[in-house]
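As a plain string of letters, each chain reads:
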Amino acid sequence: MTETRQYGFDTLQIHAGARPDPATGARQTPIYQTTAYVFRDAEHAAALFNLQEVGFIYSRLTNPTVAVLQERIATLEGGVGAACCSSGHAAQIMALFPLMQPGCNIVASTRLYGGTVTQFSQTIKRFGWSAKFVDFDDLDAVKAAIDDDTRAVFGEAIANPGGYIMDVRAVADVADAAGIPLIIDNTTATPYLVRPIEHGATLVVHSTTKYLTGNGTVTGGCVVDSGKFDWSASGKFPSLSEAEPAYHGLKFHETFGNLAFTFHSIAVGLRDLGMTMNPQAAHYTLMGIETLSLRMQRHVENAAKVAAWLEAHPAVDHVTYAGLPSSPYYERSKTVCPLGAGGLFTFALKGGYEACVRFVDSVEIFSHVANLGDTRSLVIHSASTTHRQLSPEQQAAAGASPDVVRVSIGIEDADDLIADLDQALAKAVPAAAAE
């Protein structure tokens, strides 16, 4: 592919990062199922280990199949580089690892996936890090939460579970003014609907398990580097700006410029944390991305139709889908994600917790699983599962109250999905069905 032409998304999702295999001519990216790679000679090996030459050493660090996936996701997101890893949760730690030291904190949105809230409120304490949770619709609160020890701001472009739309540009401006990076989890939006870097984000993380792979087969994560942040400006990020003892005093930002974060993530993060993506998982995700735009179009189309039907149902108290005119995020969605508000949202049942339990036990086409972004439609009662570890206040802030069900709308026939929801709602809230 010529470097001078600006290719469209549909072309890049198939071709970015990939070339015919030079050894065999294979058109599909091969699965390089190997742990290690033969060096040309001792000088070549030394150059690789000294980061003087880019190449393959050991598959905990780099693998040709994974490398294609990294380039493809980075290209679709508009970043300069990316590092893939074993899961979305691993990607979040990978994103924070070069930025944080004991005593440092992050400012995080209250509207995050429950597992992320637990990771940030509990697990990262073991590293000596902490998190402050703030409503990102209150920009003054975001500003007030940032202090001298804050090293990042973290939010979701389209929040899981409620599908709330974040004003990425507004929060990016706050982070920029404080001289700290904005990290955006773009899992539920994908780069087809939202490209956070264009809205001012420094780093983008993904659970590639979800929409990018799209078929519920493998777990994976990715951190995309915008290449636009000056890691040496403030002295707050010594892992990137100061001498690295493990590489004989090399300074990542000084040496690698706008690729400093990506090189550090691989040369230090994957080397020492070992959160490696296996080549088989990378292969499945590459295949999934080839149809990303087509799938997202159907996800959005179906979600809009199903959400509108649910909003009118007598058993439903409210629906959170940002694509509905009734949503407080409807106007914002037109700016942040003009191609659609995604395929994930919640709705509340008038029968409360017990009705939600009956509902998830009654669906037939929808699968009751702890996942999202599959081609299949999925459902879960977040308060009793993914957000179970949170307090009632945290559940409410995240949009996962006990009376709420989360749905991930797939690419099936929308009328079939509506029929399934209809029969399940009749069993969940019989009084409403009789109206």
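Interhelical geometry of helix H15 (residues 352–360) versus helix H17 (residues 414–428) gives an angle of 140° and a closest axis separation of 8 Å. In terms of their interaxial angle, H15 and H17 are classed as oblique. Handedness of the H15/H17 crossing: right-handed. Where H15 abuts H17, its residues Ala-355, Arg-358 and Phe-359 lie against Leu-421, Ala-424, Leu-425, Lys-427 and Ala-428.

This next bit is on the pattern of salt bridges. This model, assessed by the stated rule, comprises 11 salt bridges. Each of the salt bridges in this network shares a partner with another, and the network as a whole consists of Arg-111, Asp-135, Asp-137 and Arg-332.

Attention now goes to the sheet that holds strand E6 (residues 203–207). Strand order in this open sheet of seven strands is E1-E7-E6-E5-E4-E2-E3, and the pairing throughout is mixed. Taken across any chain shown, the strands that pair with only one partner, and hence form the sheet edges, are strand E1 (81–85) and strand E3 (130–134). Adjacent strand axes in the sheet meet at a mean angle of 20° when their direction is disregarded. The strands touched by helix H5 (residues 114–121) are strand E2 (105–109), E3 and strand E4 (150–156); relative to E3, the strand with the most contacts, the crossing angle is about 135°. With respect to the sheet, helix H7 (residues 168–178) is in contact with E4 and strand E5 (182–185), its orientation differing from that of E5 by roughly 150°.

Looking now at unusual backbone geometry. Across residues other than glycine, the phi torsion is negative in most instances, and most of the peptide bonds are trans. Here the residue pair Asn-160 and Pro-161 is connected by a cis peptide bond, since its omega of 20° sits within 30 degrees of zero. Tracing the backbone through its elements, the reader meets Pro-161 in the loop between E4 and H7. We note that Thr-190 has phi near 65°; this positive angle belongs to a residue other than glycine. Within the element layout of this structure, Thr-190 appears in helix H8 (residues 190–193). Relative accessible area serves as the criterion here: at 0%, Thr-190 is assigned to the buried category. In this structure, His-248 takes a positive phi of about 55° despite not being glycine. Looking at the secondary structure, you find His-248 in the loop between strand E8 (243–244) and strand E9 (250–251).

Time to look at the packing of helix H13 (residues 292–311) against H17. It is at 10 Å that the axes of H13 and H17 come closest, and there the two elements cross at 30°. Classified by the angle between their axes, H13 and H17 sit roughly parallel to one another. Considering how the two elements wind past one another, H13 and H17 form a crossing that is right-handed. On H17, the residues that touch Asn-302, Lys-305, Val-306, Trp-309 and Leu-310 of H13 are Ala-414, Asp-415, Leu-417, Ile-418, Leu-421, Asp-422 and Leu-425. Residue composition of the contact of H13 with H17, grouped by class: eight nonpolar, one polar and three charged.

What follows concerns the side chain of Ser-408. Following the sequence through the fold, Ser-408 ends up in strand E14 (residues 404–408). Engagement of the side chain of Ser-408 in a polar contact is seen with the backbone nitrogen of Gly-373, the distance being 3.0 Å. Apart from the residues within four sequence positions on either side, Ser-408 is in contact with Tyr-211, Gly-343, Leu-344, Leu-372, Gly-373, Asp-374, Arg-376, Ser-377 and Leu-378.

Before going further, it helps to spend a moment on the sheet that holds strand E10 (residues 316–319). The sheet built from five strands is open, its strands ordered E10-E11-E14-E13-E12 with mixed pairing. Pairing within the sheet leaves two strands with one partner each, and these edge strands are E10 and strand E12 (367–368). The pairing of strand E13 (residues 378–380) with E14 spans three bridges and is classified as antiparallel. Directly across from Leu-378, in E14, lies its bridge partner Ser-408. This element, H13, spans E10 and strand E11 (344–349) of the sheet and lies at about 10° to E11. Lying on the sheet, H15 is in contact with E11, E12, E13 and E14; it crosses E11 at an angle near 125°.

With that out of the way, let us pick up the environment of Leu-421. Note on placement: Leu-421 falls in helix H17. The spatial distance from the C-alpha of Leu-421 to the C-alpha of Met-287 is 31 Å, given a sequence separation of 134 residues. If we ignore the near neighbours within four places in the chain, the residues touching Leu-421 are Val-306, Trp-309, Leu-310, Phe-359 and Phe-366.

We now examine the side chain of Ser-109. Of note, Ser-109 is situated in strand E2. The buried category is assigned to Ser-109, whose relative accessible area is 5%. A distance of 2.9 Å separates a polar side-chain atom of Ser-109 from the backbone nitrogen of Arg-111.

This part is about the pairing of strand E7 (residues 221–225). Across the five residues of E7, five count as buried, placing the element largely inside the fold. Of the two faces of E7, the one carrying Gly-221, Val-223 and Asp-225 and the one carrying Cys-222 and Val-224 are both buried. Taken together, the five bridges between E1 and E7 define a ladder with antiparallel strand orientation. Along E7, the bridge assignment pairs Ala-83 with Val-223. Here five bridges tie E6 to E7, and the two strands are oriented antiparallel to one another. Across the sheet, Ser-207 pairs through a bridge with Gly-221, a residue of E7.

Here a ring pair, both rings aromatic, is described through the centre-centre distance and the interplanar angle of the planes. Across all of its chains, the model carries 15 aromatic pairs by this definition. Measuring from ring centre to ring centre gives 4.7 Å for Phe-127 and Trp-129, while their planes differ by 50°; the resulting arrangement is tilted. Looking at Trp-129, the relative accessible area reads 7%, which means it is buried. Their ring planes at 40° and their centres at 5.8 Å tell us that Phe-252 and Phe-256 sit as a pair that is tilted. Placement of both Phe-252 and Phe-256 in helix H10 (residues 252–256) is noted, with a separation of four residues, approximately one turn of the helix. On the basis of relative accessibility, which here comes to 0%, the residue Phe-252 falls in the buried class.

Reading the values: the criteria
- Residues numbered from 1 in each chain as written.
- Predicted model: local features only at pLDDT ≥ 70, side-chain atom pairs only at ≥ 80, totals over all residues.
- Heavy atoms only, no water.
- Axes fitted to C-alpha atoms, helices over the stretch in contact; angles between N-to-C directions.
- Helix = DSSP H or I, 4+ residues; strand = E, 2+ residues; numbered from the N terminus.
- Parallel < 35°, antiparallel > 145°, perpendicular 65-115°, else oblique.
- Left-handed = near helix turned anticlockwise from the far one by under 90°.
- Contact = heavy atoms within 4.5 Å.
- Salt bridge = Lys/Arg side-chain N within 4 Å of Asp/Glu carboxyl O.
- Pairing = 2+ DSSP bridges.
- Buried < 20%, exposed > 50% of the residue type's maximum accessible area, 1.4 Å probe, protein only.
- Nonpolar A, V, L, I, M, F, W, Y, C, P; charged D, E, K, R; others polar.
- Polar contact = N/O pair within 3.5 Å; in protein donor to acceptor, adjacent residues only side chain to side chain.
- Phe/Tyr/Trp six-rings, centres within 6.5 Å; stacked < 30°, edge-to-face > 60°.

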